[in-house]
Amino acid sequence: MTNTHDNRQTPIVRVRGVEKRYGDLHVLKGIDLDVYKGEVIVIVGSSGSGKTTFIRCINHLEKIQNGRIEVNGHLIGYREQNGRMVEDTERNIARQRCEVGMVFQLFHLFPHLTALENIIEAPVHVRKIGREEAIQTGRALLARVGLADKEDFYPSQLSGGQQQRVAIARALAMRPSVMLFDEPTSALDPEMIGEVLDVMKELAREGMTMIVVSHEMGFAREVANRVIMMHEGRIIEDEPPEVFFTAPKHERTAAFLSRVIGKRDH
């Protein structure tokens with residue numbers, strides 16, 4: 001899949017100089033990234049390279065110490081006041097998060113709610129969508145992820161793959177501009193990985209803007225517009241998959257690929 005965006009187009013996600021520390025641990029060391037409408041970006045790298053921290057910063061689940069992150073031209077998590085950045089109000093941050101769907105490694109479904117109730121919870125209470133409209137949309141989204149017959153099932157009655165597909169439907173219900181996926185298949189049994197990746201591939205075909213942290217190299221090859229390699233808190237490679245997998249520029253990328261290709265390729 002090739003990148004067709006016009007350089008004059010405004011990026012949906014714009015990241016500049018982002019730094020993140022946990023005490024003395026410098027996790028992100030000046031991240032710059034533009035993501036354009038309809039692009040699928042897959043982020044790879046060894047454990048501890050900062051991948052998950054980075055995408056959690058995009059919807060302000062993690063606070064940054066320096067830099068700025070914008071989605072649709074709006075600052076995420078902060079506002080400018082007297083020339084400096086101050087953390088925004090919880091209400092504004094919650095509104096900003098509506099633009100950014102997030103699918104976690106461990107589903108995070110409400111165990112006491114059915115699949116359909118999980119999906120309509122945020123549209124009704126955060127977006128203030130009418131309950132009947134939310135239910136109609138929720139049912140359509142369950143059908144979209146292949147679970148039309150599971151609306152009354154509780155998470156404990158669903159397989160891991162089914163729970164993750166409900167989580168994807170729940171994120172889509174907020175009508176986000178961009179979807180973030182944090183290793184969405186890593187907690188799944190091998191036979192369930194394909195069903196989740198198939199949903200993600202379909203979203204990509206439909207033009208959803210996606211940033212995906214994943215070790216699924218087959219998915220990255222097939223679906224990504226760009227594959228990004230992170231190492232020690234920096235982006236060291238940002239290439240289309242046909243370049244990334246065949247002619248990486250950085251020796252760290254080549255070493256990483258030689259380690260992972262074949263182990264997790266689906």
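Scroll up to find the structure.
The model shown is predicted, which means the values in this text are computed figures rather than measured ones. (Residues numbered from 1 in each chain as written. Predicted model: local features only at pLDDT ≥ 70, side-chain atom pairs only at ≥ 80, totals over all residues. Heavy atoms only, no water.)

### Comments concerning the overall build of the protein chain
How we decide: Helix numbers and strand numbers start at the N terminus; a helix is a DSSP run of H or I with at least 4 residues, a strand a run of E with at least 2. A radius of gyration in this sense is built from C-alpha atoms; the matching globule rule multiplies 2.2 Å by the number of residues raised to 0.38. In this description, contact between two residues means that some pair of their heavy atoms is separated by no more than 4.5 Å. Counted as positive: Lys and Arg. Counted as negative: Asp and Glu, with His and the chain ends omitted from the count. A charged residue contributes its charge at one atom only: NZ of Lys, CZ of Arg, CG of Asp or CD of Glu.
In terms of regular secondary structure, the protein chain is built from nine helices and twelve strands. Against the globule reference of 18 Å for 266 residues, the protein chain gives a C-alpha radius of gyration of 18 Å, in line with a compact fold. Considering only C-alpha atoms, the protein chain reaches an extent of 50 × 50 × 40 Å along its principal axes. Partitioning the contacts of the protein chain with sequence separation of at least 6, the portion at a separation of at least 24 is 65%. Considering the protein chain, the positive charge centre built from 35 side chains and the negative charge centre built from 37 side chains are found 4 Å apart.

### Focus on the side chain of Glu151
Here Glu151 shows up in the loop between α4 (131-144) and α5 (160-172). Once you skip the residues sitting within four places of it in the chain, Glu151 turns out to touch Thr114, Ala115, Leu116, Arg139 and Leu142.

### What to know about the pairing of strand β9 (residues 178-182)
Heads up, the rule is: A 1.4 Å probe rolled over the protein chains alone gives each residue an accessible area, and that area as a share of the maximum for its type sets the label: buried under 20%, exposed over 50%, partly exposed in between. For two strands to pair, DSSP has to find at least two bridges joining them. For crossovers, right-handed means that the path from the first strand over the helix to the second runs clockwise, given strands pointing away from the viewer.
Of all the five residues making up β9, five are buried; the element is thus mostly covered by neighbouring parts of the structure. The side-chain alternation of β9 yields two buried faces, one formed by Val178, Leu180 and Asp182 and the other by Met179 and Phe181. Judged from the four bridges that link them, strand β8 (residues 100-103) and β9 form a sheet pairing that is parallel. Considered in β9, the bridge of Val100 is made with Val178. Taken together, the five bridges between β9 and strand β10 (residues 209-213) define a ladder with parallel strand orientation. The residue of β10 that forms the bridge with Asp182 is Val213. Between the parallel elements β9 and β10, the chain passes through helix α6 (residues 190-205) in a crossover that is right-handed.

### What about the packing of helix α3 (residues 115-125) against α5?
The condition is simple: Angles here are taken between N-to-C directions and fall from 0 to 180 degrees, while the axes themselves are lines fitted to C-alpha atoms, restricted in helices to the stretch in contact. In this scheme, roughly parallel covers angles under 35 degrees and roughly antiparallel covers those over 145, while 65 to 115 is roughly perpendicular and the rest are oblique. In this scheme, a crossing is called left-handed if the near helix is turned counterclockwise away from the far one by less than a right angle; it is called right-handed if the turn is clockwise. Residue classes follow a fixed rule: Ala, Val, Leu, Ile, Met, Phe, Trp, Tyr, Cys and Pro count as nonpolar, while Asp, Glu, Lys and Arg count as charged, and any other residue, Gly among them, counts as polar.
Between α3 and α5, whose axes approach to 8 Å, the crossing angle comes to 25°. Overall, the two elements α3 and α5 adopt an arrangement that is roughly parallel. Relative to α5, the crossing made by α3 is right-handed. Residues Ala115, Asn118 and Ile119 of α3 form the contact with α5, whose participating residues are Val166, Ala169 and Arg170. In terms of residue class, the contact of α3 with α5 is made up of four nonpolar, one polar and one charged.

### A look at unusual backbone geometry
Phi is positive for His108, close to 55°, though the residue is something other than glycine. Its place among the elements puts His108 in the loop between β8 and α3. For His108, a relative accessible area of 47% puts it in the partly exposed group. The backbone of Glu232 sits at a positive phi, close to 50°, despite the residue not being glycine. Within the secondary structure, Glu232 is located in the loop between β11 (226-231) and β12 (234-239). What makes Glu232 partly exposed here is its relative accessible area of 47%.

### Re the pattern of salt bridges
Stated precisely, the cut-off is as follows: Here, a salt bridge means any Lys or Arg side-chain nitrogen found within 4 Å of an Asp or Glu carboxyl oxygen.
Taken as a whole, this structure holds 18 salt bridges when the rule is applied. In this structure, Asp88 and Arg79 form a salt bridge, with 3.6 Å as the shortest nitrogen-oxygen distance. The class for Asp88 is buried, based on a relative accessible area of 11%. By relative accessible area, which is 34% here, Arg79 ends up partly exposed. One salt bridge connects Glu151 with Arg139, and the closest N-O pair in it is separated by 2.9 Å. Placement of Glu151 in the loop between α4 and α5 and of Arg139 in helix α4 is noted, with a sequence separation of twelve residues between them.

### As for the state of the cysteines
Let me state the cut-off plainly: Here, two cysteine sulfur atoms that lie within 2.5 Å of each other are counted as a disulfide.
Throughout the structure, instances matching the rule amount to zero disulfides. Not part of a disulfide, Cys57 finds its nearest cysteine sulfur in Cys98, a span of 19 Å. Classification of Cys57 by relative accessible area gives buried; the value is 2%. Judged by relative accessible area, which is 6%, Cys98 ranks as buried.

Note that all results are geometric; they support no functional claim without further evidence.
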